Amino acid sequence: MVLKVFFPSCCSSAESGILIGRWISEQNSAVILAVVHFPFIPAQVKQYLSEVQRVTKVSVSVLGSWSNSKQEKEESLSEFLEDLGTIFSHEPWIQISKEGDSSFWSCSTLQKHSNSPKEEEIILVYYDQRKVMLSHLHPPLDTAASTDHQADDASKLAAIFDTVAKSKILFMTDRYDDGPIKLTHWQSDGVEASIIVELMKQASVPACMLLAFLLSLISGICRSRVLKFWPLSFLWSKLSTCEQLGHRLQHLQVISSDKKAQNQTQLMRKANIFVSLLVDVALGILLMSWLYRKNRIGHLADTLIPVADHVAEELQDLLQWLMGAPAGLKMNRALDQVLGRFFLYHIHLWISYIHLMSPFIEMILWYVGLSACLGLTVALCILSDIIALLTFHIYCFYVYGARLYCLKIYGLSSLWRLFRGKKWNVLRQRVDSCSYDLDQLFIGTLLFTILLFLLPTTALYYLVFTLLRLLVVIVQGLIHLLVDLIDSLPLYSIILRLCRSYRLAAGVKFRVLEQQDGKPLRLLMQINPLSYGSVVQTYRLPTYSCYPKDTWTSLCKKLFLGELIYPWKHKGEKQD
């Protein structure tokens, strides 16, 4: 049977002593955590290990002895180390000895209480204790494709990683402590610390308390009954700026919460949200500084009115073209003139509204630019709402044309069923047979003929305004894609993967080291980091969607039947 000994590479130069760690009987493996070197009192070592086991819930014990002949040259040392096995009584008792500066160590086991002791083949696996302790082993993302053997290997690795990670209290004792026990481990030269980090921890407590108080005040205002009345509730539910502000408010509440993260996933989520907010606000401040430099707000306001006038003139020319003979098509002149004048009147009202607001546009843009300090995503959502308001007449044209076209399509389909002696059963949601008299068939024929000959004129107006509406929706969709990218991108995880890839472990790989006859097989365990795609998939932050998700099939069906596409919807509202 093969015995696997996981030995920390930081202990290779430790003084002679005893090996403490965890014995995993299911895997026939020993995970060495530290070396207790001489002098020590066995009773104190047992008491210390029982305290560590009580705190960490890890069965830490003395697994064997470690001999470094470079520091200790007494001939009786090996015999003394063997005698320690009777004191601590662990089966098997592992003996590892290093001779001088040689890279090839001797490793053997003693089983004093076994009736038929068998010589076991030993594999010595070196691992970086600090990287293993700080890393987080991720399970396979594609659990359906992973086999039982891969899942078993992942559970074995998880046991080793958890053993090292849960033994942090063991690493708090170093060789410079005044206690009776001297340990050698990854930070035995002194506990790592940073003055800046400690100062930030101390300053974060009052800052989080103040932020939590302000957020509770803002949340109380948002939950007040004043915002539930019709005008304010309508604006809060329809404007993407309000949705983004509510989304960021939830993020701030998560960050300022005094509840400690229960696991690695919650900790990474908090860190990703914090870095995402910092980057968002930094980009917003850069945008704000660019806008208020060289009077760019004034130039933007001066160009906005001419652009709106030019768009209105192009729409008027388009309607004049539709009121004639567009592309040589024969239209119903009466309906064509009615629809054209109706839409021209709306454009006239829109131009009057724009010119009425022109003296206040620069002031409005000046105050809107200040909102960029809340983040680039808020500024982009405001831009999307401004585009929606500036193209509100196009949205109205599209709704008018879509409703009229939809009415005729459903009317024609209903009258077509009448010719075939069918009708739509509303209760059972199916087509049933039905008998009609002569008057009903005559009136149905007249209505079908009228709707059929008026359909090309209506369909042409619907097609033109649908294309304009789709153009506006595509622009708004690109803006919201950028907002969702900033909101959901796990920046902290990506930076961690770039700078300290071992923190996000997908697995391990073993490299075979140089071998020598009569010596145990030596392997070096290295951490395989997660790929960038897996990092984004694992730690992607949840976000909101301003528009419902439609497939291409449902979208084409809605366009053909004249149903509204991408209307303003309540967050989480059910689609028809």
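Conventions adopted
- Residues numbered from 1 in each chain as written.
- Predicted model: local features only at pLDDT ≥ 70, side-chain atom pairs only at ≥ 80, totals over all residues.
- Heavy atoms only, no water.
- Helix = DSSP H or I, 4+ residues; strand = E, 2+ residues; numbered from the N terminus.
- Buried < 20%, exposed > 50% of the residue type's maximum accessible area, 1.4 Å probe, protein only.
- Contact = heavy atoms within 4.5 Å.
- Areas by Shrake-Rupley, 256 points an atom, 1.4 Å probe, with all protein chains shown as cover.
- Core = buried A, V, L, I, M, F, W, Y, C linked by side-chain atoms within 4.5 Å.
- Salt bridge = Lys/Arg side-chain N within 4 Å of Asp/Glu carboxyl O.
- Phe/Tyr/Trp six-rings, centres within 6.5 Å; stacked < 30°, edge-to-face > 60°.
- Lys NZ or Arg CZ within 6 Å of the ring centre and 35° of its normal.
- UniProt positions renumbered as here; feature names shortened; annotations may be inferred.
- Patch = residues over 30% accessible without salt bridge, like charges linked within 9 Å, V, L, I, M, F, W, Y side chains within 5 Å.
- Polar contact = N/O pair within 3.5 Å; in protein donor to acceptor, adjacent residues only side chain to side chain.
- Expected span 1.5 Å × (residues − 1).
- Bend = angle between axes of the 7 residues up to and from the residue.
- Axes fitted to C-alpha atoms, helices over the stretch in contact; angles between N-to-C directions.
- Parallel < 35°, antiparallel > 145°, perpendicular 65-115°, else oblique.
- Left-handed = near helix turned anticlockwise from the far one by under 90°.
- Nonpolar A, V, L, I, M, F, W, Y, C, P; charged D, E, K, R; others polar.
- pLDDT = per-residue confidence, 0-100.
- Pairing = 2+ DSSP bridges.
- Arc of directions from axis to C-beta.

**Student:** How should the overall build of the protein chain be read in this particular structure?
**Tutor:** A tally of helices and strands in the protein chain yields 16 helices and 13 strands. Burial status across the protein chain gives 40% buried among its 576 residues. Considering only residue pairs separated by 6 or more positions, the protein chain has 72% of its internal contacts joining residues 24 or more positions apart. If you sum the accessible surface of the protein chain, you get close to 33,400 Å²; carbon and sulfur atoms cover 63% of it.

**Student:** What am I meant to see in the nonpolar core here?
**Tutor:** Counting 40 residues, the largest nonpolar core has Val45 and Leu170 as the members making the most contacts within it. Here the element with the most residues in this core is helix 4 (residues 148-165); it accounts for five residues. Setting aside chain neighbours within four positions, we find Leu170 in contact with Ile20, Leu33, Ala34, Tyr48, Val52, Leu183 and His185. In this structure, Leu19, Trp23, Ile94 and Trp105 belong to the second largest nonpolar core, which totals 20 residues.

**Student:** Even after reading the chapter, I still don't get the pattern of salt bridges, so can you show me in this structure?
**Tutor:** Two side chains of opposite charge can pair, provided their charged atoms sit close to one another. What the rule picks out here adds up to four salt bridges. Asp280 serves as the salt-bridge partner of Arg248, at 3.1 Å between the closest nitrogen and oxygen. Pair noted here: Arg248 is in helix 7 (residues 240-256) and Asp280 is in helix 8 (residues 264-291), with a separation of 32 residues, a long-range link. For Asp280, a relative accessible area of 1% puts it in the buried group. For Arg430, the salt bridge identified is with Asp432, shortest N-O distance 2.9 Å. According to the relative accessible area criterion, Arg430 is partly exposed, its value standing at 39%. Through salt bridges with shared partners, one network takes in Arg248, Asp280 and Asp487.

**Student:** Would you mind showing me how to read the packing of aromatic side chains here?
**Tutor:** A ring pair, where both rings are aromatic, is described by two values, the distance of the centres and the angle of the planes. Taken as a whole, this structure holds 18 aromatic pairs when the rule is applied. Ring geometry for Tyr461 and Phe465: centres 6.3 Å apart, planes at 40°, overall tilted. Taken together, the positions of Tyr461 and Phe465, both in helix 13 (residues 438-488) and four residues apart, correspond to about one turn of that helix. Summarising the burial analysis for this pair, Tyr461 and Phe465 share the class buried. Members of the aromatic cluster, connected to one another through ring pairs, are Phe342, Phe343, Phe397, Tyr400, Tyr461 and Phe465. In this structure, Arg497 packs its charged tip against the face of Tyr532, placed 4.6 Å from the ring centre.

**Student:** Would you take a moment to explain the UniProt feature "transmembrane region" (unreviewed entry) in the protein chain for this structure?
**Tutor:** When the UniProt feature table is mapped onto this chain numbering, "transmembrane region" (unreviewed entry) sits at residues 203-222, 273-292, 338-357, 364-391, 397-419, 440-464 and 470-495. Helix makes up 100% of residues 440-464 and strand 0%. Its end C-alpha atoms lie 35 Å apart.

**Student:** Would you mind showing me how to read a nonpolar patch on the surface here?
**Tutor:** Together, Phe360, Met363, Ile364, Trp366, Tyr367 and Leu370 make up an exposed nonpolar region whose accessible area comes to about 600 Å². Within the secondary structure layout, Ile364 lies in helix 10 (residues 333-370).

**Student:** What should I look at first to understand the side chain of Ser240 in this one?
**Tutor:** Relative to the helices and strands, Ser240 is located in helix 7. Looking at Ser240, its side chain comes within polar contact range of the main-chain oxygen of Cys381, at 3.4 Å. Polar side-chain contacts of Ser240 include one of 2.9 Å to the side chain of Asp385.

**Student:** How should the environment of Val483 be read in this particular structure?
**Tutor:** Here Val483 lies in helix 13. In this structure Val483 comes out as buried when scored by relative accessible area, which is 1%. Remark: the alpha-carbon pair of Val483 and Thr543, spanning 60 residues in sequence, is separated by 9.4 Å.

**Student:** Explain helix 10 to me, please; I cannot follow it from the model alone.
**Tutor:** In an α-helix, one full turn covers 3.6 residues, which means residues spaced three or four apart are oriented alike. With 38 residues, helix 10 should reach 56 Å at 1.5 Å per residue; the first-to-last C-alpha distance of 51 Å fits that figure. Bending of helix 10 peaks at approximately 60° at the position of Pro359.

**Student:** I would appreciate a short explanation of the packing of helix 14 (residues 491-499) against helix 15 (residues 532-539) in the present structure.
**Tutor:** Helix-helix packing is characterised by the crossing angle of the two axes and by the distance between the axes. Axis separation between helix 14 and helix 15 bottoms out at 9 Å; the angle between their running directions is 150°. The angle between helix 14 and helix 15 falls in the class roughly antiparallel. Relative to helix 15, the crossing made by helix 14 is right-handed. Here Ser493, Ile494, Arg497 and Leu498 of helix 14 come into contact with helix 15, specifically with Tyr532, Val535, Val536 and Tyr539. Residues that form the contact of helix 14 with helix 15 fall into these classes: six nonpolar, one polar and one charged.

**Student:** Would you explain unusual backbone geometry in this entry?
**Tutor:** What you tend to see is this: most non-glycine residues have negative phi, and most peptide bonds are trans. Its identity is not glycine, yet Asn28 carries a phi of approximately 55°, on the positive side. Mapped onto the elements of the fold, Asn28 is located in the loop between strand 2 (17-24) and strand 3 (29-37). Positioned with a positive phi, Asn295 is a non-glycine residue whose angle comes to about 55°. Asn295 sits in the partly exposed class, given a relative accessible area of 46%.

**Student:** Would you mind showing me how to read the confidence of the model for the protein chain here?
**Tutor:** Where the model shows low pLDDT, its predicted coordinates should not be examined in detail. For the protein chain, the mean per-residue pLDDT works out to 80, and 82% of the residues sit at or above 70. Mean pLDDT across the secondary structure elements of the protein chain bottoms out at helix 2 (residues 77-88), with 66, and peaks at helix 14, with 92. Within the model, pLDDT remains below 50 along residues 568-576, and this stretch shows 14 contacts once partners closer than five positions in the same chain are excluded.

**Student:** What is the right way to look at the pairing of strand 12 (residues 504-512) in this model?
**Tutor:** Consecutive residues of a regular strand have side chains that alternate between opposite faces of the sheet. Pairing of strand 8 (residues 136-137) with strand 12 involves two bridges; the strand directions are parallel. Bridged to Leu137 within strand 12 is Ala505. In the sheet, strand 12 pairs with strand 13 (residues 521-529) via seven bridges, with the strands oriented antiparallel. Note on strand 13: the bridge partner recorded for Val512 is Leu523.

**Student:** What's the story with helix 15 in this structure? I'm lost.
**Tutor:** Among the residues of helix 15, those classed as buried are Ser534, Val535 and Tyr539. Angularly, the buried residues of helix 15 cover 105° about the axis, an arc narrow enough to put them on a single face.

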